[in-house]
Amino acid sequence: MKLRRRESGAETELTPGLVVGRLAECGLQLQDGSVSRRHAKLELRGSSWWVVDLGSSNGTFRNGERGKEFELRGGDLVTFGAVAFEFVAAPESDAIGAGSSVPELGELDLGSEIELEDPSEAMPAAAAAPAPAAEDEPPSRATLADQERARIRQELKQAKRSSGLGDLSQLSFPMQCLVALLAIAVVAGMVLGIRALSGAIAPTA
């Protein structure tokens, strides 16, 4: 199972607990302002892969739909903030080969008679069987996902979010307290400055 980046085509092998984010400790590091420090995590539940959002600022999307967690299927478009990936599932042949074994010649029972079928009799039946019609994948899924990605990019450009303090909820508690104290100090300074200025320009009796 892999995540293939839409822009560059770079592939990342999935491992249970893989974290996506801007931090260097993340298994999949994305240096993009729309991605939070710890943005999302990949989990293996049974035989299915799930993507779980870790409280990111700009959200995690699957095929243009935002949510807290999603089960992934082959071909899904997964977007972290504004960075898009395609979920590449393992080929069915690999899955079958991993769960089954081919018996060796010594294990086969050759004591019973094997009745061979005349190839000339089997060919008409095989030729008469209609080929299964290929089911076209709905083109709307990829189109909607690309439109959603473009919309997110446009919103990020208009809002001009800061990549440094854009996800305050993911800061440590002491850092959150420090930011709050700085904000209170700035407001208090503005109030004192206004009072001092009004007292200086007030007419004396």
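Residues numbered from 1 in each chain as written. Predicted model: local features only at pLDDT ≥ 70, side-chain atom pairs only at ≥ 80, totals over all residues. Heavy atoms only, no water.

Asks: Would you take a moment to explain the nonpolar core for this structure?
Replies: Nonpolar side chains tend to gather and get buried jointly when the protein is soluble and globular. Core analysis: the biggest nonpolar cluster contains 18 residues, and Leu-3, Leu-30, Leu-42 and Phe-80 have the highest contact counts within it. Counting only elements with at least two residues in this core, the list comes to β3 (18-21), β5 (40-45), β6 (48-53), β10 (77-80) and β11 (83-88). For this core, the element with the highest residue contribution is β11, accounting for 3 residues. If sequence neighbours within four positions are ignored, Phe-80 has contacts with Leu-3, Val-20, Leu-30, Ser-34, Val-35, His-39, Ala-40, Val-51, Gly-59, Thr-60 and Phe-85. (Core = buried A, V, L, I, M, F, W, Y, C linked by side-chain atoms within 4.5 Å. Buried < 20%, exposed > 50% of the residue type's maximum accessible area, 1.4 Å probe, protein only. Helix = DSSP H or I, 4+ residues; strand = E, 2+ residues; numbered from the N terminus. Contact = heavy atoms within 4.5 Å.)

Asks: Quick question: what am I supposed to make of the confidence of the model for the chain here?
Replies: Averaged over all residues, the pLDDT of the chain is 74; the fraction at 70 or higher stands at 58%. Long-range and interchain partners of residues 93-103, a stretch whose pLDDT sits below 50, account for 1 contact in this model, where long-range means more than four residues apart. (pLDDT = per-residue confidence, 0-100.)

Asks: Quick question: what am I supposed to make of the pairing of β6 here?
Replies: Here is the key point about a regular strand: its side chains alternate between the two faces of the sheet. With 6 bridges joining them, β5 and β6 adopt antiparallel strand pairing. Each bridged residue has a counterpart across the sheet, and for Leu-42 the counterpart in β6 is Val-51. Taking the residues between adjacent antiparallel strands as the criterion, β5 and β6 are bridged by 2 residues, where Gly-46 takes a positive phi near 70°. Direction of pairing for β6 relative to strand β9 (residues 69-71): antiparallel, over a ladder of 3 bridges. Directly across from Val-52, in β9, lies its bridge partner Glu-69. (Pairing = 2+ DSSP bridges.)

Asks: When you look at a nonpolar patch on the surface in this model, what are you seeing that I'm missing?
Replies: Taken together, the side chains of Met-175, Leu-178 and Leu-182 make up a nonpolar region of the molecular surface, amounting to roughly 280 Å² of accessible area. Inspection of the secondary structure puts Leu-178 in helix α4 (residues 173-201). (Patch = residues over 30% accessible without salt bridge, like charges linked within 9 Å, V, L, I, M, F, W, Y side chains within 5 Å. Areas by Shrake-Rupley, 256 points an atom, 1.4 Å probe, with all protein chains shown as cover. Salt bridge = Lys/Arg side-chain N within 4 Å of Asp/Glu carboxyl O.)

Asks: Hey, could you run me through α4 in this one?
Replies: Relative to the 42 Å expected for 29 residues at 1.5 Å per residue, α4 spans 43 Å between its end C-alpha atoms, a close match to the ideal helical length. Burial runs low along α4: only 0 of the 29 residues are buried. (Expected span 1.5 Å × (residues − 1).)

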